[in-house]
Amino acid sequence: MSFSQEVKRELCAVPVEQTCDALSECYGILLFANLFRQNGIRIITGNTDLAERVARLFLCAFDLQVLPRRGAREERYVFEITKKSQIHRIFDAFGLDPHASGVRMNRAILEEDCCKTAFLRGAFLSGGSVAAPESRYHLEFVTPHYVFSTEMTAFLMDAEFQPKVTRRQSKYVLYFKSSEAIEDFLIQTGAPVSALAVMQAKVVKDVRNQINRHVNCETANISKTVDAAMAQVRAIRTLQADGRLYLQPRVIQEAAQLRMANPESSLSVLAASLDPPVSRATLSYRLKKLVALAKEGEELRGE
Ligand SMILES: [Zn+2]
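Residues numbered from 1 in each chain as written. Predicted model: local features only at pLDDT ≥ 70, side-chain atom pairs only at ≥ 80, totals over all residues. Heavy atoms only, no water.

Overview of helix α6 (residues 146-158)
Between its first and last C-alpha atoms α6 spans 19 Å; for 13 residues at 1.5 Å apiece the expected length is 18 Å, and the two agree. Those residues of α6 not exposed but buried are F148, S149, E151, M152, T153, F155 and L156. Residues of α6 that are buried sit in contact with α2 (19-31), α5 (113-127), β6 (139-143), β7 (164-168) and β8 (171-176). Looking one or two places after α6, you find E160, whose phi comes out positive at around 70 degrees. (Helix = DSSP H or I, 4+ residues; strand = E, 2+ residues; numbered from the N terminus. Expected span 1.5 Å × (residues − 1). Buried < 20%, exposed > 50% of the residue type's maximum accessible area, 1.4 Å probe, protein only. Contact = heavy atoms within 4.5 Å.)

Right under this line is the structure:
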C-alpha cells in the first residue's frame, strides 16, 4: 500500500458525526470529483475505503442513498447522480445557484473550523496525494479548473498553508514541500499516525545525514594522511637513490627508516615508537624536510 493510500485509509476511519462536517467533506470531495455540474455528478475512485465513506457521507449530508457501480475497469467504483431532483438537493445544500456553471467554491458554508477541516479532508481524499516521506516531502492537490485552483489556493493560505502552484499538462497542481506543513495537514485532517510516520522519516534522514557527514570527513582525513605518507616514501626513495639520504643528520635518517618500515602508520604512532619518543610535530618536521630535500634535487635536475 502506498503512503498516500495509508493516509487515505486513516482519514476514512475518522468518524462521521456532525451533519455540517459531512456536508463540508462532501463539498471537498465533489469539487475535486470527475464531474460536478447541474447535468450530472460523477465520482470515480479506486479506493474501497473512500467508496464506503462517500456512501456514508451522502446519507448524512443529503439524506441520499447512493451506491457505486463497479467501473469498466473492475477495480474502480463509480458514483453517478443524474436525477435532477437529487442534483438540486446537493446544489441547494451548498448554496450554489443551480444555473451557474463551472466549479466554484462557496466559502459561506465553510465558516466554522470543524467544517474547514472536514472540507480539507474531503479535498485530499478526492484530489490529493502525498509522497512517501522516506523519498521526499510532497503533498499535492490536482484540479483541471483554473478558477477553482485560485480559490483553493486562497483557502489553503487562510488555513496557514503556503501552497505553490504549477501546471501539469492541462491541470493545476497545488503543492507543498515542507515536512512541517505536511505534518500539520495530516494532524489537522485526522491522520496523526501518518503524521508521525513523516516525523520518524525525518529523524532517520537527519541521523543518516549526520553519519554521512562524519564518515565523509573521516575519509577525507584518512586519504590526506595516506597521500602525505606516500609522498614521504617517494622522497626517501629518491634520496636513497642519489645517495643524499646518507649525508643527512642521524635524526633525519632515523625518521626515513621509520617511515619506510611503516608506510601506513600515522605520524602520532610513528613519533611514539621512537626511542626516546618525540612529538608528532617534531617527526612531521623531519619527514617534511626529507620531502623538501627530494624536491630540491628534482628541481636541480630540472625534472
Ligand atoms: Zn462543522
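Back to the text.
Some points on the packing of aromatic side chains
What the rule picks out here adds up to 16 aromatic pairs. For the pair F36 and F91, a centre-to-centre distance of 5.3 Å together with 40 degrees between the ring planes defines the contact as tilted. One end of the pair, F36, is in strand β1 (residues 35-37); the other, F91, is in helix α4 (residues 84-93), and 55 residues separate them in sequence. Taking 5.7 Å as the distance between ring centres and 65 degrees as the angle between the ring planes, the aromatic pair formed by F161 and F185 counts as edge-to-face. Placement of F161 in the loop between α6 and β7 and of F185 in helix α7 (residues 179-189) is noted, with a sequence separation of 24 residues between them. The same class applies to F161 and to F185, which are both buried. An aromatic cluster of at least three residues, connected via ring pairs, comprises Y27, F36, F58, F62, F91, F94, F119 and F155. Cation over ring: R70 sits above Y77, and NZ or CZ is 4.4 Å from the ring centre. (Phe/Tyr/Trp six-rings, centres within 6.5 Å; stacked < 30°, edge-to-face > 60°. Lys NZ or Arg CZ within 6 Å of the ring centre and 35° of its normal.)

Some thoughts on the pairing of β6
Counting buried residues along β6, four of its five residues qualify, which places the element largely inside the surrounding structure. With three bridges connecting them, strand β5 (residues 128-130) and β6 associate as antiparallel partners. Paired with G128 across the two strands is F141, which belongs to β6. As judged from the five bridges shared by β6 and β8, these two strands associate in the antiparallel manner. Paired with F141 across the bridge in β8 is L174. (Pairing = 2+ DSSP bridges.)

These values are about where atoms sit, not about what they do.
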